[in-house]
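These are the residues of each chain, in order.
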Amino acid sequence: MSLLEDKNAVYLFTAYGVFLGGLAVYLASLWLRRRNLDRDEELLRQIEEEEREKRKQH
């Protein structure tokens, strides 16, 4: 009997699909978080630089 003829094969493939789908969502979440953190870090650097310039002028 081959794997595709087994009645439980649907559950096996569904479980793998759910697992891999969850892993993909998790990795996408990590990537988006990292991108947002890099953007926020750059914004904070710009704000700090502007504050330094204001202090030098006074």
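Residues numbered from 1 in each chain as written. Predicted model: local features only at pLDDT ≥ 70, side-chain atom pairs only at ≥ 80, totals over all residues. Heavy atoms only, no water.

Observations concerning the overall build of the chain
Helix and strand content of the chain: one helix and zero strands. The globule rule puts the C-alpha radius of gyration for 58 residues at 10 Å, and the 25 Å found for the chain is more than 25% above it. Once the C-alpha set of the chain is aligned to its principal axes, its extents read approximately 85 × 10 × 5 Å. Summing over all exposed atoms, the chain offers an accessible surface of approximately 5,900 Å²; the carbon and sulfur share of this is 60%. (Helix = DSSP H or I, 4+ residues; strand = E, 2+ residues; numbered from the N terminus. Rg over C-alpha atoms; globule rule 2.2 N^0.38 Å. Areas by Shrake-Rupley, 256 points an atom, 1.4 Å probe, with all protein chains shown as cover.)

Here we look at the pattern of salt bridges
Applying the stated criterion across every chain, the model contains three salt bridges. Here E41 and R45 are joined by a salt bridge, their closest N and O atoms 3.1 Å apart. In this pair, E41 and R45 both sit in helix 1 (residues 9-57), four residues apart, roughly one turn of the helix. (Salt bridge = Lys/Arg side-chain N within 4 Å of Asp/Glu carboxyl O.)

Notes on a nonpolar patch on the surface
A contiguous nonpolar surface patch, about 1,100 Å² in accessible area, is contributed by L3, L4, L12, F13, Y16, F19, L20, L23, Y26, L27 and L30. Along the chain, Y26 falls in helix 1. (Patch = residues over 30% accessible without salt bridge, like charges linked within 9 Å, V, L, I, M, F, W, Y side chains within 5 Å.)

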